[in-house]
Amino acid sequence: MDPRKLLERAGLEAKGVPQSLYGGDISRVYRLGAYVVKLAPNPPLGLFPAEARGLKALAERGVRVPRVFFASEEGLILEYLPEGPPDWEGLARMLAGLHRQREAVYRAEAGFLGTFPLPGGEGREWTEFFFSRRIEPLLQATWDRLEGLGPRVEALFQRPLPAEGPAPLHGDLWHGNLRFTPEGPALLDPSFFVGERGVDLAMMRLFGGFPKVFWQAYQALYPIPEEVEEALPQYQVYYLLAHVHFFGSLLNQLTLPTVYPGEISGGGGTFKKKKKEYIRAIYTI
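Residues numbered from 1 in each chain as written. Predicted model: local features only at pLDDT ≥ 70, side-chain atom pairs only at ≥ 80, totals over all residues. Heavy atoms only, no water.

S.K.: Is there a simple way to think about helix α3 (residues 88-100) in this case?
M.R.: Because the α-helix completes a turn every 3.6 residues, residues three or four places apart line up on one side. Taking 1.5 Å of rise per residue, the 13 residues of α3 would be expected to cover 18 Å, and the 18 Å separating its terminal C-alpha atoms lies within 8% of that figure. For α3, every residue scored as buried is listed here: Gly-90, Leu-91, Ala-92, Met-94, Leu-95, Ala-96, Leu-98 and His-99. Looking at the buried side of α3, the elements it contacts are α2 (47-60), β10 (167-169), β11 (178-181), β12 (184-187), α6 (198-203) and α7 (212-221). (Helix = DSSP H or I, 4+ residues; strand = E, 2+ residues; numbered from the N terminus. Expected span 1.5 Å × (residues − 1). Buried < 20%, exposed > 50% of the residue type's maximum accessible area, 1.4 Å probe, protein only. Contact = heavy atoms within 4.5 Å.)

S.K.: In this structure, what is going on with the sheet that holds strand β3 (residues 35-39)? I would like to understand it.
M.R.: One key point about sheets: their strands pair by backbone hydrogen bonds, in either a parallel or an antiparallel sense. Judged by pairing direction, the sheet is antiparallel, and its five strands sit side by side in the order β1-β2-β3-β5-β4 without closing on themselves. The strands lining the two open edges of the sheet, one partner per strand, are β1 (19-21) and β4 (68-71). Strand after strand, the sheet turns through a mean of 25° between neighbouring axes, direction not considered. Of the pairings in the sheet, the one linking β3 to strand β5 (residues 75-79) comprises five bridges and is antiparallel in character. What sits directly across from Val-36, in β5, is Leu-78. Along the sheet face, α2 touches β3, β4 and β5 and points at about 30° away from the line of β5. (Pairing = 2+ DSSP bridges. Axes fitted to C-alpha atoms, helices over the stretch in contact; angles between N-to-C directions.)

S.K.: Where do I start with the side chain of His-99 in this structure?
M.R.: If you trace the backbone, His-99 turns up in helix α3. With relative accessibility at 0%, the residue His-99 sits in the buried group. In this structure the side chain of His-99 is engaged in a polar contact, spanning 2.9 Å, whose partner is the side chain of Asp-200. One polar contact links His-99 to Tyr-218, side chain to side chain, over a distance of 2.8 Å. (Polar contact = N/O pair within 3.5 Å; in protein donor to acceptor, adjacent residues only side chain to side chain.)

S.K.: I tried to follow the environment of Pro-49 on my own but got confused; where do I start?
M.R.: Looking at where Pro-49 falls in the secondary structure, it is placed in helix α2. C-alpha separation for the pair Pro-49 and Phe-70, spaced 21 residues apart in sequence, amounts to 9.1 Å. Setting aside its immediate chain neighbours within four residues, Pro-49 contacts Ala-71, Ser-72 and Glu-73.

Shown next as structure tokens:
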């Protein structure tokens, strides 16, 4: 679809030629004046409405996100956010404020990680909720590509994960879903659910990670307990399974140097030690 047609359908108008923006591996993203138009070839049913709901949920909880002007099965129209200077301390304040919030139960609406569909539901026991609503669907989808490691991945979740309390999460918080604006940092492309903040922290240490200045500020605002640090490699399994689903084998993901960049992304000493133990353990459980 031409992005101008979606603007017309939404009753919006913008002059000029659509300017292509980076949209990752899923969407085709264009800027037209004050608007960003997101499209995708043959998107799964509900993809763009789910993203709009996630942005709304984050905004309601004090996170800066682009305004949603229109959402349909065909695409999404968002506010264009101009680029501003990096503000890692501001990002730390925003995320610590988000993660400190508490909700009644762990919960998720049916949604997506990328284009992978995830079930909704509620739960009071964190490990069971995380496994059944996040790990298990991806594990089933990738089982035949895990080179016999499926049972070992299951075993990682047989003991309880640490629980600080149900907190709102971005759900896919890598550096590609961050935008620094003149007003401060903003988050994009959420996979929103209510879970444990360790899930967000784990993704923030994958695929390039966030810099030391961010982690120092976040730790000062909302210290990370040792047991949460130790669980981060288990939470990373969620995103590694998604990577297997979209891009290739688990072995390739475990051996890529950018997958475990704790030394350069400001991870604590406990995390650096545990991540190496985890790489060994997944083959020996």
